[in-house]
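# Observations on the model geometry
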Amino acid sequence: MNITAQLCGLIIIGLLVGFYNRLRKVGTRSEIVFSWVLNMILFCDAMDILSIIGITYRAYLPDLLVNFICKLYIASLVWITCLGLNYSGVDIYHGRWPRRMAVLAQVFLSGITILIFALPIHIYQEGRIAYTYGPSTIVTYAGALGFILATTLFILRHWNAISPARRKVVLLWMGIWMAAALIQMLFPQILAVSFAAVVGCTIMFIELENPEASIDKSTGCFNVHSFWLYVQEQYQSGQAFALVVLTQQPEAKISVAAVVALLEKLPNARIFKNGGDEFFILWNNREEWKIPEIPGWDAIAVPDSRVVDGATQLSSLLQYAAVFRIQGETIVIDEKFAEEKRNRDSMEQELKAAMEEDRVEVFYQPIYSLQNQSFTSAEALVRIRRKDGSLIPPMQFVPIAESTGLIQQLGRLVLQKTCRFIRENDLLRQGIEYIEVNLSVKQCEDKQLAAECMEILDKERLDAGAINLEITETASVRSEQILLENMQLLIDCGMSFSLDDFGTGRSNLNYIMNMPVSIVKFDRSFTQAYFTNEKARAVLSGTIETIKNLGLKIVAEGVETEHELNGMGDAGVDYIQGYYFSKPLPAFDFLDFIREKNRVSGMV
Ligand code: C2E
Ligand code: CA
Ligand code: CA
């Protein structure tokens, strides 16, 4: 009997199966198919050995039994090659092969198996050499070859969709099989095929299926790579799940290790950990989800994964939720939340399209100078003109532009349109001294801000003095140094600045002293407060006095009535902006407005 190679193979594969079964696995399709491959190779090797024993002692055994064992062995070779094909497709189909392909493979496999058992098999044995031949063996070769070719073609056809490691390993395995089959066909006494299978799956294990690669080394949980792989497969196979993402807050006192210990007590939960201190807890049974109460660790919960259709969308939803996370609060991502995100995404698309298709419009709200008794400036306020002609107000898209980074482009566009508007209509000759343009916090943090503004002014051939940029307190706190540098560069060129939204934040007068602004704009709420209670009136009066002592001008925003106009005038503000005079107007209406009003007041 010559079963040395088979025995070696059996020992290796036996160890591998034992070892693999003991390791922690996420439960991905790749792991499941690989587990099948391992068990099938173990079976194949055992049958190989049994068949040789059977052949050797066939004088003492029924022919039917010996033939059956020989056929079980060769049939298992075909079954393994079929699993090879299945394994090569897990990156693409995650176990859900297209129906036609699955049916074709099943029919082919069943046909081959039936033929193997139906056709005669011949046994050759002389001394230590024993092998089988005849129609049944030929069908086996044909079946195995069919699957090997199909696998190779499949990999070549889906080259980019299959992970490079999987491509390499499966092709190598198929190569080893072909070589072994060729050797065995030419020299039937060398029984290399089942040993080749063992070599193949050992390579697969080392390169692809070593579950260590899906384990987070520091905690022993599954890692984030396996999380996304698993999630992707759940979506592809239509399995809903529940998810909780736990994130450590800076002041959390409970260590990562202690959290792992707590999480591991959760029944039927899969625990994943990513590099940053974040855990993903997944339940296949959605009824079982719950938020582990761990002080200092914040949670985002997704009770039903079907709020989105796939892993990529889930990832962007989680990122979106993380942006809005308030420390100590749990965010539950439900249908409403997902809907909000979808609206946001579609607004982002609308903004991009509007910028490309020149549907971004700048409206101008006149600002009245109490001293000059005419309109000496205006605020540029952006809108999107929908394709149907309706308008989208800035509050619906400016915050989105800020969080997606589109604000820089939008800001440049508004400035450029405003500059062109001033020059083309010669506004400076119509009593307008400058136009105020809003700067978002993100723009203020940009080192290129000054250079970009100057470039636009140059291109539009406009003096810097015709533009006044509105900054907010938030910008001055968040990026004081960069903002100051930008401001100084622009002031040197003749531009001026306003502090917008005064009265909404901390309204610390220190900021005004530190920031080289020439105008302070009172927010509507601050202006209104003046008329609602005595205390506010006292605060406002004091503030106005201080600001004026610093040599700055004041704009009162949100003035809607004559009463408010007079009140603000008496309080000592310099400029009035509000619906009392006009809402923000489209460019040409603004021109008409200025021409008419400033003419009446004798300006032009
Ligand atoms: P903001 O800078 O405080 O602009 C003043 C807002 O108050 C404008 O709203 C204006 O229409 C409104 N308003 C003016 N007078 C009155 C009044 O008497 N009563 C009432 N109820 N409201 C009045 P709008 O145009 O909807 O703009 C909202 C915000 O959007 C702006 O607040 C500003 O923060 C932002 N925004 C607008 N355009 C731009 C832009 O080009 N860039 C940036 N970064 N933000 C912009
Ligand atoms: Ca403003
Ligand atoms: Ca304002």
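For the structure itself, look to the data block above.
This write-up is about the structure you can find in this document. Nothing here was measured: the structure is a model prediction, and the numbers come from that model.

Reading the values: the criteria
- Residues numbered from 1 in each chain as written.
- Chains lettered and ligands numbered in written order.
- Predicted model: local features only at pLDDT ≥ 70, side-chain atom pairs only at ≥ 80, totals over all residues.
- Heavy atoms only, no water.
- 1 Å grid on protein atoms, 1.4 Å probe; cavity = no way out; pocket = protein on both sides within 12 Å on 5 of 7 lines; lining within 4 Å.
- Points joined across faces, edges and corners; volume = space filled by probe spheres on them.
- Helix = DSSP H or I, 4+ residues; strand = E, 2+ residues; numbered from the N terminus.
- Nonpolar A, V, L, I, M, F, W, Y, C, P; charged D, E, K, R; others polar.
- Donors = N, O, S within 2.8 Å, 3.2 Å for Na, K, Ca; no water.
- Buried < 20%, exposed > 50% of the residue type's maximum accessible area, 1.4 Å probe, protein only.
- Near = heavy atom within 4 Å.
- Polar contact = N/O pair within 3.5 Å; in protein donor to acceptor, adjacent residues only side chain to side chain.
- Areas by Shrake-Rupley, 256 points an atom, 1.4 Å probe, with all protein chains shown as cover.
- Sits in = over half its atoms within 2 Å of the grid points.

## Brief notes about the layout of surface pockets
Of the voids in this model, the largest pocket is the one considered here, and its volume is about 1200 Å³. Taken together, 44 residues form the lining of the largest pocket, with L381, M395, N438, D500 and D501 sitting closest to its centre. At the level of secondary structure, the elements contributing two or more residues to the lining of the largest pocket comprise β10 (374-385), α13 (394-404), α14 (407-424), β12 (434-438), α15 (441-444), α17 (473-478) and β14 (496-502). When the residues that make up the lining of the largest pocket are grouped by side-chain class, the tally is 18 nonpolar, 12 polar and 14 charged. Of the pockets and cavities examined, the second largest pocket occupies roughly 690 Å³. Around the second largest pocket, the lining comprises 27 residues; the ones closest to its centre are L85, W97, M101, A102 and A105. At the level of elements, α2 (29-56), α3 (63-88), α5 (99-118) and α6 (135-157) are the ones that each hand at least two residues to the lining of the second largest pocket. Among the elements that make up the lining of the second largest pocket, the one with the highest residue count is α5 (seven residues). Residues belonging to the lining of the second largest pocket are distributed by class as follows: 19 nonpolar, five polar and three charged.

## Observations concerning the coordination of the calcium ion (ligand 3)
At this site the calcium ion (ligand 3) is bound by D500 (OD), D501 (OD), E557 (OE) and E557 (OE), with donor distances of 2.1 to 3.0 Å. The metal-metal distance between the calcium ion (ligand 3) and the calcium ion (ligand 2) is 3.7 Å, with D500 coordinating both. In this pair, D501 sits in strand β14 while E557 sits in strand β16 (residues 553-557), placing the two residues 56 residues apart along the sequence. On the basis of relative accessibility, which here comes to 30%, the residue D501 falls in the partly exposed class. Assessed through its relative accessible area of 13%, E557 is described here as buried.

## So, the site of ligand 1
Around ligand 1, 21 residues are found, and the nearest of them are Q365, R383, D500, E560 and Y579. Contact distances for ligand 1 include 3.1 Å between an oxygen atom and a side-chain N or O atom of E379. D500 places a side-chain nitrogen or oxygen 3.0 Å from an oxygen atom of ligand 1. For ligand 1, whose unbound accessible area comes to 790 Å², protein coverage reaches 83%. Placement of ligand 1 is best described as lying within the largest pocket. Going through the elements one at a time, β10, α13 and β14 are the ones with two or more residues in the shell around ligand 1.

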